[in-house]
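Overview (structure and organization)
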Amino acid sequence: MRHSLRALGSVVLLTTLAVARSASAQIDLSGEWGTTFFEDILHRGATLVPGDNTGVPLSEAGWRKAESWDEAVVGTHERQCIPHPVQYAVRGPGNIRMVKVVDEPTGRLIGYSLQGSYVGHFRTIWLDGRPHPSDLAPHSYTGFSTGEWVHNTLVVKTTHMKMGYLDRNGMPSSELGTMTEHFIRHGDHLTVVTFIHDPVFLSEPFVRSTDFVLNSAGNAGAWGSCGPDQIVDELVDRPAGYVPHHLPGTVDPGRETFLKTRNVPLEAAHGGSKTLLPEYIGRLRELANSPNAAPDAEGLACGGNRCVAPPRNDGSDVRVTKVQGRVYMISGAGGNIAAQVGDDGVVLVNAGTGKVTDKVLAAIRSFTDKPVRFVLDTAPDAENIGGNESIAKAGASGGRGQVAGAAVIAHESVIRALSAAKGKNLALSSVSAASWPTITFAGEIKDVQTNGEAIQMLHQPAAHSAGDSIVVFRGSDVVVTGNIVDFTRYPVIDTAQGGTFSGVLAAVNRLIDITVPHDWQEGGTMVISAQGRVGDEADLVEYRDMLTIVRDRIQDLIKKGRTLEQVQAARPTFEYDGLFGATTGPWTTAMFVEAAYRDLGRR
Amino acid sequence: MKKLAGAIICLVALSAVVLDAQRGRGAAPVSGPPKAAAPIDLAGNWVSVVSEDWLQRMLMPPRGDYAGVPLTLEGRRVANLWEPANASADGCKAYGAPAVMRIPGRLKISWENDTTLKIETDAGTQTRLLHFDASAGSASKPAVAERSWQGYSQAEWEQLIQRGGQGGGLVPPAPRAGAALKVVTTKLRAGYLRKNGVPYSEDAVLTEYFDRLSEDGTEWLLVETIVSDPKYLTQDFITSTHFRREPDASKWMPSACETARGKK
């Protein structure tokens, strides 16, 4: 009896294991998949025009951004090599190839590589349960994707997407968005259902289903490189930093033709959630008599005054992010701190507020036991230099680190600002004298050679303040922007310290000159901004384009004689507020617009 | 021995759980009455979310707009004959099974009986009957003369069978019930793939796959539609249409596709 039970137990165990094994052996998605081009041909083909946002649940911020888009922008140097972003790529006009990614030692299927469809780099969908990167990690045009099987469907979650588009007519998709795809195979048919969630530019998830057929004789193709040998001068006789766009009230001429030839009311052309439901057909009949009726504002995320950037990195946790080469980023201690590491010691760019220096030093100890030798200050801000004293005390300088205390280097204008603040009711006046820079430079450049790497501090006049420095780690290929760029908000323009809007824009254009991307306009030189995640040139370009468009709008309003109040009411930053705006706190959208207005009004 | 018996019971229970996971939500073996064996629940109220082909679906497309449809030369010729002025006389031509799921509207899906799934559309007030029982179906299949807009639909739960493997055959491959419904429709009346007279012929065969998706707390129905028509299509015409679940039928707005002249 006992033997029989044991035998039965063995059979049951084997059965269970066999079933469990078959559960993990899921449907095979690998192969060459030919795209079917039957759906949305008017949006996926050459007939798509700016202003045709039909069928897309854009928020007001979304359609406004799409309306300002000028297709000439893709001819700028910095955008010629941008591939189809992952938000659009599967919907694009190309075939795809799904290739299994196998862990060689175990033979285990750990992912699929999705190739083709004018995606720049191969995109990997990881199936091995790995976590998504930190919110401080760089974004890319392919994003970061993980998948898991739910019954007969591969469900793929994608995060870390760069700013992109939903269709090739400027319908935007923000970097705050995420995407879920459902890969469903029936025989030789593959359907990919895509849900895009975007708190800024969409008022509800945007769903599309794209069909492919197995095409063993096909070739996904459409990849390779796109870099300097493909980038040409498409836009001639334009000033540096030129950003084509349409001012509010001016639209792409193709839109009017589209509206007339297709009998599309303007409201419907803007898209939006309500336009996607069957009952909207009744509204279309009403609009047939007034096709240019003003569209209703729509969008939970970016309607009215609720359009503000979400909190990102609240500073409650000091964290380390490896950037590249010898450079790390330490966040959560005020502004971002960069740390370069090597045998000579540690070079910090900025020192945080000083409130959590112990945590900053502990963070440094997590990747080196060398002392801090230099602190390079990028601007006279308490959030950056408040920690100078305590960090410098813990360090050592001199040729071989024989002098107690790290050296603190800044442009001389930082000292001037600190001196001027003494005794006044300014945030800077709270910075103790022991935190002041010990070494200053008056010129445009300060060179530092440490850990076998050339480091340059480049003074940038009248930007965020009078005393900004950009720091370039030439070997590691990392640039620290200081407070000139803040990927989490509009740049702070400290007019009391000599900061100007125009100076910030000039500085961002200089940063774009300094940075050099890899193929497909991503990676290469990495960027550490005042706060938020690690970026690259493409992120700087988005930031520069935003500043340029806002500048042009405010200048246009100034030319028309508008007052500051009228300019504020016109909301020249509207579609960017969900990314960078704030209605409360130390730096609001209104303060940014005022700083821009006053600076541009003088010019 | 009690411990061993307990372990066996646990393993059997685990085995059942794993099989369930393979077979889909609450799946039972695909045997017995189709209604009871349904691996997915399609019943309920659904609304089409028109985020694809909006221009052709929400508005009346102009004559000659057959962009995206792989028409033969004959198909194009016929499509070009369509007159917008006569659109009101088209009746239910655009509401046949090959096109009706693409028309903006709402669906009510319910079980007519243990072997027949019913899909009602408020757009055009159409009813589709999906027959699972092949034997009963053959008996009740309409004669050739009884072609209709919705034709005759044969349904089956799609089964995904693992082939081969398992080495010595100690344990046979487990049949894996996929969570999809496959429907093949024939005996159609000739009609329109789009409202502007883009034709399909009575020889068209419609194959559909119905899948359920869950996304961020919202339930979706996906219908992949494959139209084969040797007369008017150069290749299979494939679209996939998505519907969002609605809590009730309060937004059900039936509209007839009949004309004043009673043409149907």
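It should be emphasised that the depicted structure is a prediction, and the values quoted were computed from it without experimental measurement.

Calculation rules
- Residues numbered from 1 in each chain as written.
- Chains lettered and ligands numbered in written order.
- Predicted model: local features only at pLDDT ≥ 70, side-chain atom pairs only at ≥ 80, totals over all residues.
- Helix = DSSP H or I, 4+ residues; strand = E, 2+ residues; numbered from the N terminus.
- Rg over C-alpha atoms; globule rule 2.2 N^0.38 Å.
- Buried ≥ 20, exposed ≤ 12 C-beta atoms within 10 Å, placed from the backbone.
- Contact = placed C-beta atoms within 7 Å.
- Core = buried A, V, L, I, M, F, W, Y, C linked by C-beta atoms within 7 Å.
- Domains from an automatic or database assignment.
- Expected span 1.5 Å × (residues − 1).
- Arc of directions from axis to C-beta.
- Nonpolar A, V, L, I, M, F, W, Y, C, P; charged D, E, K, R; others polar.

**As for the overall build of chain A**
Along its length, chain A carries 16 helices and 26 strands. Taken over the C-alpha trace, chain A has a radius of gyration of 27 Å; the compact-globule value for 603 residues is 25 Å, and the two agree within 12%. A principal-axis box enclosing the C-alpha atoms of chain A has dimensions of 85 × 75 × 50 Å. The 603 residues of chain A split such that 53% are buried. Considering only residue pairs separated by 6 or more positions, chain A has 65% of its internal contacts joining residues 24 or more positions apart.

**Considerations on the nonpolar core**
One recurring pattern in soluble globular proteins: nonpolar side chains tend to sit buried together. Residues and elements named next belong to chain A. Core analysis: the biggest nonpolar cluster contains 194 residues, and Leu348, Val375 and Val508 have the highest contact counts within it. Ranked by residues supplied to this core, first place goes to helix α13 (residues 537–559) with 10 residues. Counting only domains with at least three residues in this core, you end up with domain 1 (26–307) and domain 2 (321–543). Contact partners of Val508, with chain neighbours within four places excluded, come to Ile484, Val485, Leu540, Tyr543, Arg544 and Leu547.

**Let's talk about α13 of chain A**
Residue and element names in this part refer to chain A. Its 23 residues place the ends of α13 32 Å apart at the C-alpha level, agreeing with the 33 Å of an ideal helix rising 1.5 Å per residue. Counted residue by residue, α13 has 17 buried out of 23 residues, so it is predominantly covered. Phi for Gly561, located one or two positions after α13, is positive at around 80°.

**Here's the deal with helix α8 (residues 357–365) of chain A**
Residues and elements named next belong to chain A. Considered for burial, the residues of α8 that qualify are Thr357, Val360, Ala363 and Ile364. End-on, the buried residues of α8 take up no more than an arc of 115°, which puts them together on one face. Projecting away from the buried face of α8 at angles above 90 degrees are the exposed residues Asp358, Ala362 and Arg365. Against β12 (319–324), β13 (327–331), β14 (337–342), β15 (345–349), β16 (372–376) and α10 (388–393) lie the buried residues of α8.

**A closer look at the domain arrangement of chain A**
Residues and elements named next belong to chain A. When the domains of chain A are assigned, the result is domain 1 (26–307) and domain 2 (321–543). Facing 20 residues of domain 1, the contacting portion of domain 2 comprises 18 residues. Looking at side-chain class alone, the side of domain 1 that touches domain 2 contains 10 nonpolar, 7 polar and 3 charged residues.

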